[in-house]
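Observations on the model geometry
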Amino acid sequence: MSHLSERPEKSVVGVSMPHESANLHVTGAALYTDDLVHRTKDVLHAYPVQVMKAHGRIVALRTEPALAVPGVVRVLTVADVPGVNDAGMKHDEPLFPDEVMFHGHAVAWVLGESVEAARLGAAAVEVELDEKPSVISLREAIEANSFHGARPVMRAGDVDAGFADSAHVFTGEFQFSDQEHFYLETHAALAHVDENGQMFVQSSTQHPSETQEIVAHVLGLHSHEVTVQCLRMGGGFGGKEMQPHGFAAIAALGAMLTGRPVRVRLNRTQDLTMSGKRHGFHAEWKIGFDAEGRIQALDATLTADGGWSLDLSEPVVARALCHIDNTYWIPHARVAGRIAKTNKVSNTAFRGFGGPQGMLVIEDIMGRCAPLLGLDPMELRERNFYRRGHSTPYGQPVPHPERISIIWQQVKTDAEITRREREIEAFNAAHPHTKRALAITGIKFGISFNLTAFNQAGALVLVYKDGSVLINHGGTEMGQGLHTKMLQVAATTLGIPLHKVRLAPTRTDKVPNTSATAASAGADLNGAAVKNACEQIRERLLQVAGTRLGANASDVRIVEGVARALGNDEELAWDDLVRTAYFQRVQLSAAGFYRTEGLHWDAKAFQGSPFKYFSYGAAATEVEVDGFTGGYRIRRVDIVHDVGDSLSPMIDIGQVEGGFVQGAGWLTLEDMRWDTGDGPNRGRLLTQAASTYKLPSFSEMPEEFNVRLLENATEEGAVYGSKAVGEPPLMLAFSVREALRQAAAAFGPAGVSVELASPATPEAVYWAVEAARAGGARHDGHPPVGDGAPADAGALSHA
């Protein structure tokens, strides 16, 4: 076992415990960025001047009327920027644009003594616009050849030869929806200038170092003149990885110009209309199978809706390409990616970061092709699993591929698949207007940042004379339990009880140059850095303890706050040990560091080993569908998920449950709508609130929900043998969509391939049921989004 993954005796990691801020959350005592406004004197409030047109050049911007509004202090425009007028890392996102690029684009910001004064001031600003044509939908962008950014192509084997060897070839098309993060806490920032002229920004950000960098270059400062702190976030899900920077820069610019603290806090409608979403995708594909149903070749083009600027679209598309294989070996592949440029908000990171989109394509293909091949969907999936010796289309060997099958079999056993399939068959035979179905889908998700340089982390650990410990790390807390795990890692490494360790807020003047808390790598990276810092201190203390106990330092163990030497009954309490070390002038602090080893990636060739390891999982979902309405309910879910040796099982099970539900929301409920007409509101987001954008609620929860973590699953080379858990469970929700497809198909004759829109709303399920009844033909009048059956049956070409 590796040094990084080995656990000491009586370790605190692996113990189930509640979130470190759980009590604060439920009592309302937890502080978020905007709560700090009420603790700050003379705060000004910033309000955006939004232009409600999709595209146009600004001809005139008149701010004088706003200054006449009582309570308005200043209007921020491009003329006020002392540094670089850009809020992005690609330098394609002007903070104050001269061209409106989406409906609701902010072109100026008003500072007022109150939110209401700032709002009225913003309404008084006059913007004259020279309107231009706009591109709103993905289809419009494809037809207009409107693209930006890189166009990667992933190749493996010989695609033409693979298709030539295929007994069955299918082609299809599939378009699926974007998704709103809908974190409970909207974007927020609070900035002030201290007595030394340093800019201090409180920000709800997943990437404090990048927020620091953007604020500095907007203000024309160096990074050491800007400090960014994040206490915690009320949710992030990727939406606060890149997009908080501009809002923090507005607050900082206002504070610099007025000398007063400035607060930016978007209301829900502003957040929905100004911030990016999960990328919606369009896919065109061609797939070949041999006579036994094994994949021979795949040729596909994935188009992501990037919105008006690049943001993180390029790495999102790259990860989508890297995950189109999911759990299946594809010996011959050519998969191209591209980014559509549309006049919509700039789409951004969202839990899974392109992985869900790529994986959804292949799972949709498998679900649609199984009936055409005469195979049960479970059997088709099993036949194509990765085996030992297989590599991904981008050339990375797949470690522990046997876990895919082990987990799959455990889910089948836990979910009592054989018995329940018989019961479902009997139920469906007896109920002509209601059908049930049970589907299993698996996942293989790569863990590490696409950009190799981001796979590093730092930590600062301080031990005080009284034996108490304070840890600082570069990760941010957004409810996912990262801080809880870091406390457990520190206590385990030092060999002390958890109550002796406290965690400081994440800030850039304690740990510099940090990566975003994203890519599911927060615990891997920061945990290893915390462990490294604690090990440095522990090694020094072992020397002190060895001297006191009359033993060699290598024979001393610190367990549960007591140092003992092997074969020696004498004990030295932790507090006494620390005090002794202090008087011996032994350093009691350490900066830790970690870099993920073994990664290499050639972005141009699209080949290499970009991931440290893969997380595996599988879910079985049973649904019941009403044939009259398309309405459905999730009757039962069984999940087995691989988190290695869990650092904190209660936290991890919560992440699995939450990720699954969020994935089910994306795939079944969350239907984002934009005005694509030619009227005055073209480009407007129509689903601007929870009243029109359906989120999962208690009524959508499975009636029975079973989650089990894979046992005996130590991950070598990861902190204490654990694995990432944040993103992978979201893709377990594919099982919900596949169960709905199978239930809809049950209304028609055997062997019908059902096309199902995404999100699979009750309306979409209704049309799928109607299509199944008609033998697979569509009845909704919409353009096809994929295959429904072979060409001779009406919807899809089967070459």
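The preceding data block contains the structure.
As the structure is a computational prediction, the values presented were derived from the model and not from experiment.

With respect to the overall build of the protein
Of regular secondary structure, the protein possesses 19 helices and 29 strands. Whereas a compact globule of 799 residues would reach a radius of gyration of roughly 28 Å, the protein reaches 28 Å, a difference of no more than 12%. Over its C-alpha atoms, taken along the principal directions, the protein stretches across nearly 85 × 80 × 50 Å. Looking at the protein as a whole, 61% of its 799 residues qualify as buried. For the protein, long-range pairs separated by at least 24 residues make up 80% of all intrachain contacts whose partners lie at least 6 apart in sequence.

Regarding empty space enclosed by the protein
This model, assessed by the stated rule, comprises 7 cavities of 30 Å³ or more. Reported here for the largest cavity is a volume of approximately 360 Å³. If you go around the largest cavity, you meet 20 residues; those closest to its centre are Ala87, Glu93, Phe247, Met274 and Trp308. At the level of elements, strand S5 (105-112) and helix H7 (244-258) are the ones that each hand at least two residues to the lining of the largest cavity.

Description of the side chain of Ser309
Relative to the assigned elements, Ser309 resides in the loop between strand S14 (295-307) and helix H9 (313-323). By relative accessible area, Ser309 is classed as buried at 0%. Within the structure, Ser309 has its side chain in polar contact with the side chain of Ser346 (distance 2.8 Å).

Remarks on the packing of helix H18 (residues 734-745) against helix H19 (residues 762-773)
At their nearest, the axes of H18 and H19 sit 8 Å apart, and the two run at 40° to each other. Overall, the two elements H18 and H19 adopt an arrangement that is oblique. Here H18 and H19 pass one another in a crossing that is right-handed. Along its contact with H18, which presents Leu740, Ala744 and Ala745, the element H19 presents Val765, Ala768, Val769 and Ala772.

Some words on the nonpolar core
Ranked by size, the top nonpolar core spans 106 residues in total, and within it Trp285, Ile287, Phe289, Leu298, Leu302 and Phe660 carry the most contacts. Once residues lying within four places of it in the same chain are set aside, the contact partners of Phe660 are Ala619, Thr621, Val637, Ile639, Pro702, Phe705, Pro729, Leu730, Leu732, Ala733, Ser735 and Val736. In terms of nonpolar packing, the next biggest core, distinct from the first, is built from 54 residues, Ala490, Ile496, Leu577 and Tyr720 among them.

Quick look at the side chain of Thr493
In this fold, Thr493 is placed in helix H14 (residues 482-494). Given a relative accessible area of 1%, Thr493 falls into the buried group. A polar side-chain atom of Thr493 sits 2.7 Å from the main-chain carbonyl oxygen of Val489. In this structure Thr493 touches Lys531, Cys534, Glu535, Arg538 and Tyr720, once residues within four positions along its chain are discounted.

A look at the environment of Thr596
As for its position among the elements, Thr596 is in the loop between strand S24 (589-595) and strand S25 (600-602). When the C-alpha atoms of Thr596 and Thr452 are compared, they prove to be 8.6 Å apart, with 144 residues separating the residues in sequence. In contact with Thr596, not counting residues within four places along its chain, are Ser448, Asn455, Leu525 and Lys612.

Some details on the pattern of salt bridges
Across all of its chains, the model carries 58 salt bridges by this definition. With a closest N to O distance of 2.7 Å, Arg741 and Asp364 form a salt bridge. Taken as a pair, Arg741 in helix H18 and Asp364 in helix H10 (residues 355-373) lie far apart in primary sequence, 377 residues in all. Arg741 gets classed as buried once you look at its relative accessible area, which sits at 3%. Judged by its relative accessible area of 0%, Asp364 is buried.

Here's the deal with the sheet that holds strand S7 (residues 153-156)
In space, the 5 strands of this open sheet follow the order S7-S15-S14-S13-S8, with mixed pairing throughout. Two strands in the sheet have a free side with no partner beyond their single neighbour: S7 and strand S8 (168-176). For this sheet, the mean inter-axis angle between neighbouring strands, taken without regard to orientation, is 5°. Here S14 runs beside strand S15 (residues 332-341); their pairing, made up of 10 bridges, is parallel. Residue pairing across strands places Ala304 opposite Ile339, the latter belonging to S15.

What counts and how
- Residue positions are counted from 1 within each chain, in the order its sequence is given.
- Local features in this predicted model are restricted to residues whose pLDDT is 70 or higher, and side-chain atom pairs enter the listing and the counts only when it is 80 or higher, whereas totals over whole chains, interfaces and linings include all residues.
- Based on all heavy atoms of the structure, the side-chain values leave hydrogens and waters out of the count.
- Counting from the N terminus, the helices are the DSSP runs of H or I reaching at least four residues and the strands are the DSSP runs of E reaching at least two.
- This radius of gyration counts C-alpha atoms alone. The globule rule is 2.2 Å times how many residues there are, raised to the power 0.38.
- Residue exposure (1.4 Å probe, protein chains only): buried if accessible area is under 20% of the type maximum, exposed if over 50%, otherwise partly exposed.
- Should any heavy atoms of two residues lie within 4.5 Å, those residues are counted as being in contact.
- Two kinds of site are reported from a 1 Å grid over the protein atoms alone, namely cavities, where a 1.4 Å probe fits but cannot get out, and pockets, open sets with protein on both sides within 12 Å along at least five of seven lines, and residues are called lining when an atom falls within 4 Å of a point.
- Grid points are joined across faces, edges and corners, and a volume is the space filled by probe spheres set on the points.
- Definition of a polar contact: a pair of N or O atoms within 3.5 Å, with one able to donate and the other able to accept a hydrogen when the atoms are protein atoms, and with sequence-neighbouring residues admitted only if both atoms are side-chain atoms.
- Axis lines are fitted through C-alpha atoms, for helices just across the contact stretch, and the angle between N-to-C directions can take any value from 0 to 180 degrees.
- Note on terminology: angles under 35 degrees are roughly parallel, angles over 145 are roughly antiparallel, angles of 65 to 115 are roughly perpendicular, and the others are oblique.
- Crossings are sorted by hand: turned counterclockwise from the far helix by less than a right angle, the near helix makes the crossing left-handed, and turned clockwise it makes it right-handed.
- By nonpolar core we mean a set of buried residues, namely Ala, Val, Leu, Ile, Met, Phe, Trp, Tyr and Cys, connected to one another through side-chain atoms within 4.5 Å.
- Salt bridge criterion: a side-chain nitrogen from Lys or Arg within 4 Å of a carboxyl oxygen from Asp or Glu.
- Here the rule is simple: two strands pair whenever DSSP picks up at least two bridges between them.

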